[in-house]
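Structural characterization, general
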Amino acid sequence: MNHQEDRKGMGPIGWLFTLIGAVLIGYLVYYNIAHLHDSHGGHGEAHAPPLWGLGVLPFVALLGSIAILPLLPATHHWWESNLNRLIIALICAVLALVYYFLAEGPEVLLPKLNHAVPAEYIPFIVLLFSLYVISGGINLKGDLAARPLTNTAFLAIGAAIASFIGTTGASMLLIRPLLQTNSERKHVVHTVVFFIFLVSNIGGTLLPIGDPPLFLGYLRGVAFFWTFNLWLQWAICCVILLVMYYILDTIAYRREGVFDLQKDDTQKQPLRLRGWINILWLAGIVGCVATVNHESKLWGTDWTPFPFLREILMFALVGLSLITTPKGVREDNGFNYAAILEVAALFIGIFIAMQVPIDVLRVYGPDLGLTAPWHFFWATGTLSSVLDNAPTYVVFFETAHSFEPQPIPTTIIREDLLIGISLGAVFMGAMTYIGNGPNFMVKAIAEQSGVRMPSFFGFVFKYSIPFLVPVFIVITIIFLRGGGTPADAAPDAMMDHAEPHTTQLETPQSVDDHDH
């Protein structure tokens, strides 16, 4: 990424974009609060817009741009600017809005933008931004011998802590020392790829703070600690991938030059952790996610937080991190905002342009013939790979919820289907760079460090399909083979205890407006 270009971009054009964006987002936040109790946030009954095949084209074009423009010699350098990425994202977003204007009239534009930006994009990007900045104030510095066992230990530790500090936090904490440890080696790409698999995605399975899709399930009433029930699937998947990685890295290690290995053995530094105070602020982020929700009372009180209080508190924790982090820690991390700005620039377009595909899935999702956990696992996972896993989780969660007459305590939907949806969204978010927010950040940081990361399609066909898909087949065979029909109710014991559940599902705005 060319940081100089990004700095140049913040000239008159960059500041104009910033000013216009701030005004529009401010108005949409006001609109969101003013229409907090409108039925479905102005969406009304779910329906597929007319000629929706045309409506999905902006979203397809944006995904195509992300995949293809970095590969073309004519556009490779141009695409390195976050301002240019933002321009493409906004063009696709505007085209999607023009389609809605022509297909359904101007009255749908504000509800659609309200759904995409204040209800989805802002909570999504604020959570990622907070974890990114705070974890950037923790410096784990050192240069260990980059042997296969050392690298495997890095990945295992990252997968273990990702559920507790978020996949973004774990990724930002460990990617730089991992790259530093491997700086003397030439074969590093596979290490970054498996880092994305394990630390940026699969590691975040055990808590809602771990990965955005699980956060959305929590907002819809899934018990905060329910995801710990996925520990066996998480453990088996991690162990298989770690063994794969160890074998692959052992082969790569033997291909390294003698001089590089000697240099790696002699240039070593013990690990040293600085910026400990930020662990407290990360815990604060976890607390915000776990307790602050304007749809329910604050734990232990009768007070209901006002909208966006959670995001305000997260920004306050970011401010505390910036103030209290020892001087020089972020500089030693090589910290900058380029990676999170890349995510912000692209995902504003993704969240707006994806509204048409999401509308179509809301209507035709129940007709897809999804009846068994493995159906939901593969359907959720496949779309999570290209639609971003968080909103895809919501679509299939709502599809499964349509099978139940009443919310089920603890899980809201049938637990076997929730397992399939949760695993599909989290695990298969690792399939592409756009499957989960941290994937982009890790890719960008690795490229800043001189690692030539594979293209969009190279990542999928060289790494994701050969390594991840076989593991997911194993997970399917072991855990997800159970069948059923949509009419099959949850176990009688669960249904006997079913009762109205005060969750976002029962609030007007929850289904459409507060996916994030």
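Residues numbered from 1 in each chain as written. Predicted model: local features only at pLDDT ≥ 70, side-chain atom pairs only at ≥ 80, totals over all residues. Heavy atoms only, no water.

Across its full length, the chain carries 24 helices and two strands. Here the chain holds 516 residues, and the buried ones make up 59% of them. Sequence-distant contacts in the chain: of pairs separated by 6 or more residues, those separated by 24 or more amount to 84%. If you sum the accessible surface of the chain, you get close to 20,400 Å²; carbon and sulfur atoms cover 69% of it. (Helix = DSSP H or I, 4+ residues; strand = E, 2+ residues; numbered from the N terminus. Buried < 20%, exposed > 50% of the residue type's maximum accessible area, 1.4 Å probe, protein only. Contact = heavy atoms within 4.5 Å. Areas by Shrake-Rupley, 256 points an atom, 1.4 Å probe, with all protein chains shown as cover.)

All right, on to the packing of aromatic side chains then. Within the structure shown, the criterion is met by 27 aromatic pairs. Considering the side-chain rings of Phe377 and Trp378, the 5.4 Å spacing of their centres and the 85° angle between planes classify their relative orientation as edge-to-face. Residue classification places Trp378 among the partly exposed residues on the basis of a relative accessible area of 23%. An aromatic cluster of three or more residues is present, and its members are Phe194, Phe197, Tyr245, Tyr433, Phe459, Tyr463 and Phe467. Here the guanidinium or amino end of Arg330 rests over the ring plane of Phe335, the centre of that ring lying 5.5 Å away. Taking NZ or CZ as reference, Lys443 lies 5.3 Å from the ring centre of Tyr433, over its face. (Phe/Tyr/Trp six-rings, centres within 6.5 Å; stacked < 30°, edge-to-face > 60°. Lys NZ or Arg CZ within 6 Å of the ring centre and 35° of its normal.)

The subject of this paragraph is the nonpolar core. Side chains of nonpolar character tend, in soluble globular proteins, to be buried together. Ranked by size, the top nonpolar core spans 142 residues in total, and within it Val117, Phe197 and Phe427 carry the most contacts. Ranked by the residues each element gives to this core, the list is headed by helix α7 (residues 109–135), at 14 residues. In this view, Val117 contacts Ile25, Leu28, Ile122, Pro123, Ile348 and Ile352; residues no more than four positions away in its chain are not counted. (Core = buried A, V, L, I, M, F, W, Y, C linked by side-chain atoms within 4.5 Å.)

Its 13 residues place the ends of helix α19 (residues 389–401) 18 Å apart at the C-alpha level, agreeing with the 18 Å of an ideal helix rising 1.5 Å per residue. Burial analysis of α19 places 13 of its 13 residues in the buried class, the great majority of the element. (Expected span 1.5 Å × (residues − 1).)

Over its 15 residues, helix α13 (residues 277–291) extends 21 Å from the first C-alpha to the last, a length consistent with the 21 Å expected when each residue adds 1.5 Å. Taken together, the buried positions of α13 are Asn278, Trp281, Leu282, Ile285, Val286, Cys288, Val289 and Ala290. On its buried side, α13 packs onto α7, α8 (148–181), α10 (212–219), α14 (309–324) and α15 (329–333).

So, about the packing of helix α4 (residues 57–68) against helix α6 (residues 82–104). Contact geometry of α4 with α6 gives a least axis separation of 8 Å together with a crossing angle of 165°. When the interaxial angle is binned, α4 and α6 end up roughly antiparallel. Crossing geometry of α4 relative to α6 is assigned as right-handed. Across the interface between the two elements, Pro58, Ala61, Leu62 and Ser65 from α4 touch Ile88, Ala89, Cys92, Leu95 and Ala96 from α6. Residue classes in the contact of α4 with α6 are distributed as eight nonpolar, one polar and no charged. (Axes fitted to C-alpha atoms, helices over the stretch in contact; angles between N-to-C directions. Parallel < 35°, antiparallel > 145°, perpendicular 65-115°, else oblique. Left-handed = near helix turned anticlockwise from the far one by under 90°. Nonpolar A, V, L, I, M, F, W, Y, C, P; charged D, E, K, R; others polar.)

Relative to the helices and strands, Ile412 is located in the loop between α19 and α20 (415–428). Ile412 sits in the buried class, given a relative accessible area of 0%. It is 7.9 Å that separates the C-alpha atoms of Ile412 and Arg220, two residues lying 192 residues apart in sequence.

A few words now on a nonpolar patch on the surface. On the surface, a cluster of nonpolar side chains totalling about 550 Å² of accessible area is made up of Ile68, Leu71, Leu72, Phe457, Phe461 and Ile465. Sorting elements by how many residues they give to the nonpolar patch places helix α22 (residues 456–479) first, with three residues. Along the polypeptide, Ile68 turns up in helix α4. (Patch = residues over 30% accessible without salt bridge, like charges linked within 9 Å, V, L, I, M, F, W, Y side chains within 5 Å. Salt bridge = Lys/Arg side-chain N within 4 Å of Asp/Glu carboxyl O.)

Before going further, it helps to spend a moment on the packing of α8 against helix α9 (residues 189–198). Contact pair α8 / α9: the axes reach a minimum separation of 10 Å and the direction vectors enclose 20°. Considering the angle they form, α8 stands roughly parallel to α9. Crossing handedness for the pair α8 and α9: right-handed. Here Asn151, Leu155, Ala159, Ala170, Ser171, Leu174, Ile175, Leu178 and Leu179 of α8 come into contact with α9, specifically with Thr191, Val192, Phe194, Phe195 and Leu198.

Moving on, we get to the pattern of salt bridges. Taken as a whole and assessed by the stated rule, the structure comprises seven salt bridges. Note that Lys112 and Asp359 form a salt bridge whose closest N and O atoms lie 2.6 Å from each other. With Lys112 in helix α7 and Asp359 in helix α17 (residues 355–364), this residue pair connects regions lying 247 residues apart in the sequence. A salt bridge links Glu311 to Arg310, with the shortest nitrogen-to-oxygen separation between them at 3.2 Å. For the pair shown, Glu311 and Arg310 are each scored as buried.

Attention now goes to the confidence of the model for the chain. Of the residues in the chain, 84% reach a pLDDT of 70 or more, and the chain-wide mean stands at 81. The secondary-structure element of the chain with the lowest mean pLDDT is helix α23 (residues 492–496), recorded at 38, while α9 shows the highest, at 96. With pLDDT under 50 throughout, residues 1–9 is counted as low confidence; its partners more than four residues away or in other chains account for 20 contacts. Below pLDDT 50 for its whole length, residues 39–43 participates in 16 contacts with residues either more than four positions away or in separate chains. (pLDDT = per-residue confidence, 0-100.)

For the rest of this paragraph, the subject is unusual backbone geometry. The backbone of Leu51 sits at a positive phi, close to 50°, despite the residue not being glycine. Residue position: Leu51 is located in the loop between α2 (12–34) and α3 (52–55). Even without a glycine there, the phi angle at Ile412 is positive, about 70°.

Along the chain, Arg176 falls in helix α8. One buried charged side chain, Arg176, makes no salt bridge at all; its nearest oppositely charged neighbour is Asp332, positioned 11 Å away. Excluding its chain neighbours within four sequence positions, the residues that come into contact with Arg176 are Tyr132, Asn333, Gly334, Phe335 and Ile445. (Lys, Arg positive; Asp, Glu negative; His and termini not counted.)

Let us look at the state of the cysteines. Evaluation of the coordinates by the stated rule reveals zero disulfides. Note on Cys237: no disulfide assigned, nearest cysteine sulfur contributed by Cys238 at a separation of 6.0 Å. (Disulfide = S-S within 2.5 Å.)

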